[in-house]
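Examining the three-dimensional arrangement
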Amino acid sequence: MLQTGNYSLVLLIQLTLLAYDLFVNSFSELLRSAPVIQLVLFIIQDIAILFNVIIILLMMFNTYVFQVGLVSLLLERFRALLIFSTIYLTLSICFHCWVLNLRWLSSNRFVWTDGLQSLFVFQRTVAVLYYYLYKRTAEYMGDPRLYEDSQWLREAFASGRQ
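Residues numbered from 1 in each chain as written. Predicted model: local features only at pLDDT ≥ 70, side-chain atom pairs only at ≥ 80, totals over all residues. Heavy atoms only, no water.

1. Focus: the overall build of the chain
Looking only at helices and strands, the chain has six helices and zero strands in total. Each helix and strand of the chain, ordered N terminal to C terminal, gives the series α-α-α-α-α-α. Radius of gyration (C-alpha) of the chain: 19 Å, far over the 15 Å computed for a compact globule of 162 residues. Expressed along its principal axes, the backbone C-alpha trace of the chain runs to roughly 60 × 35 × 20 Å. When each of the 162 residues of the chain is scored for burial, the buried share is 38%. Restricting to contacts in the chain with at least 6 residues of sequence separation, those with at least 24 account for 78%. Counting only carbon and sulfur atoms, one obtains 67% of the accessible surface of the chain, whose full area is about 9,400 Å². When the 11 positive and 10 negative side-chain charges of the chain are each reduced to one mean point, those points stand 4 Å apart. (Helix = DSSP H or I, 4+ residues; strand = E, 2+ residues; numbered from the N terminus. Rg over C-alpha atoms; globule rule 2.2 N^0.38 Å. Buried < 20%, exposed > 50% of the residue type's maximum accessible area, 1.4 Å probe, protein only. Contact = heavy atoms within 4.5 Å. Areas by Shrake-Rupley, 256 points an atom, 1.4 Å probe, with all protein chains shown as cover. Lys, Arg positive; Asp, Glu negative; His and termini not counted. Charge placed at Lys NZ, Arg CZ, Asp CG, Glu CD.)

2. Some words on helix α5 (residues 114–140)
A turn of α-helix holds 3.6 residues, and therefore any two residues three or four places apart point the same way. Taking 1.5 Å as the rise per residue, α5 with 27 residues should run 39 Å; its terminal C-alpha atoms sit 39 Å apart, in good agreement. Every buried residue belonging to α5 is among L116, L119, Q123, R124, V126, A127, Y130, Y131, L133, Y134, T137 and A138, and all of these are buried. (Expected span 1.5 Å × (residues − 1).)

3. Description of the state of the cysteines
Under the counting rule described, the total for this entry stands at zero disulfides. Not part of a disulfide, C94 finds its nearest cysteine sulfur in C97, a span of 6.9 Å. You can call C94 partly exposed: its relative accessible area is 40%. On the accessibility criterion, C97 (52% relative accessible area) is exposed. (Disulfide = S-S within 2.5 Å.)

And the structure:
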């Protein structure tokens, strides 16, 4: 069971990783003259997104709902986050590879192709939805009803068996 002190620490880690992600999305263009630093920031950003997904999955596995076998209930409730996390990670990796490929040798030039600009806008739009869904899910995972037996869980289990 997730204790209050542990949940606070996990939530702090999650929000720190989200803040780093937001920071890199906001200010990485200022470092286009230093492609190596930008590469390191992008790698850490992608790892942070992956860690956030792993942390949410571990928190789901720790719930009483998961332990009694109602995985479908958790997946139904958090499907949007899992889908947007996958899409966001994929778009981020694609954007990072494309932008570094275009700017690696000519970092002082302003290089924006139509495709790169479209990917940039799409990745940033998905990022906003990812931030919203992730923060909402991270806070919802602190609900004590997920970690103990309750009437709604018994009803869900009974309806799942029929």
